[in-house]
Amino acid sequence: MSEPLPQQTLLLELLMMSGDIAVPDSNNGTLLYSTLKECEANKWLELTRFGAGFDKARITEIGRNLVVKG
């Protein structure tokens, strides 16, 4: 497993503290969108259809364990 970048760690920590969040479902050119896709590719979070232009981001057990191990 690769080591997360600082912005990936921050996103995973946010999900640990706040729970699921709504995020844009299309590429809007932001660092958030690219970070979401990188974390999804590493299986650290899951993105599922939420509706009206948004997905739901949920941290996985793999992502949770990564943050806890720190």
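Refer to the structure printed above.
As the structure is a prediction and not an experimental result, all values here were calculated from the model. (Residues numbered from 1 in each chain as written. Predicted model: local features only at pLDDT ≥ 70, side-chain atom pairs only at ≥ 80, totals over all residues. Heavy atoms only, no water.)

**Q** Outline the packing of helix H1 (residues 6-18) against helix H3 (residues 61-69), listing residues and values.
**A** Packing of H1 against H3 brings their axes to within 10 Å, and their N-to-C directions diverge by 105 degrees. Considered as vectors, H1 and H3 are oriented roughly perpendicular to each other. Across from Leu12, Glu13 and Met16 in H1, the residues of H3 making contact are Gly63, Arg64, Leu66, Val67 and Val68. Tallied by class, the residues present in the contact of H1 with H3 amount to five nonpolar, one polar and two charged. (Axes fitted to C-alpha atoms, helices over the stretch in contact; angles between N-to-C directions. Helix = DSSP H or I, 4+ residues; strand = E, 2+ residues; numbered from the N terminus. Parallel < 35°, antiparallel > 145°, perpendicular 65-115°, else oblique. Contact = heavy atoms within 4.5 Å. Nonpolar A, V, L, I, M, F, W, Y, C, P; charged D, E, K, R; others polar.)

**Q** Any details on the side chain of glutamine 8? Residues and values, ideally.
**A** Take glutamine 8: it is sitting in helix H1. A polar contact is formed between the side chain of glutamine 8 and the backbone nitrogen of leucine 5, at a distance of 2.6 Å. If we skip the residues at most four places from it in the chain, glutamine 8 touches Glu3, Thr35, Glu38, Cys39 and Trp44. (Polar contact = N/O pair within 3.5 Å; in protein donor to acceptor, adjacent residues only side chain to side chain.)

**Q** Now, about the pairing of strand E2 (residues 45-51): what can you tell me, with residues and values included?
**A** Judged from the six bridges that link them, E2 and strand E3 (residues 54-59) form a sheet pairing that is antiparallel. When the sheet's bridge partners are listed, arginine 49 is paired in E3 with aspartate 55. Hairpin connection from E2 to E3: two residues lie between these consecutive antiparallel strands, with alanine 52 at a positive phi of about 50 degrees. (Pairing = 2+ DSSP bridges.)

**Q** Which residues make up the sheet that holds E2, and what are the values?
**A** Spatial ordering of the open sheet is given by E1-E3-E2, a layout of three strands whose pairing is antiparallel. The strands lining the two open edges of the sheet, one partner per strand, are strand E1 (21-24) and E2. Between one strand axis and the next, the sheet turns through 40 degrees on average, direction left out of account. Of the strands in this sheet, E1, E2 and E3 touch H1, which is tilted by about 85 degrees from E3.

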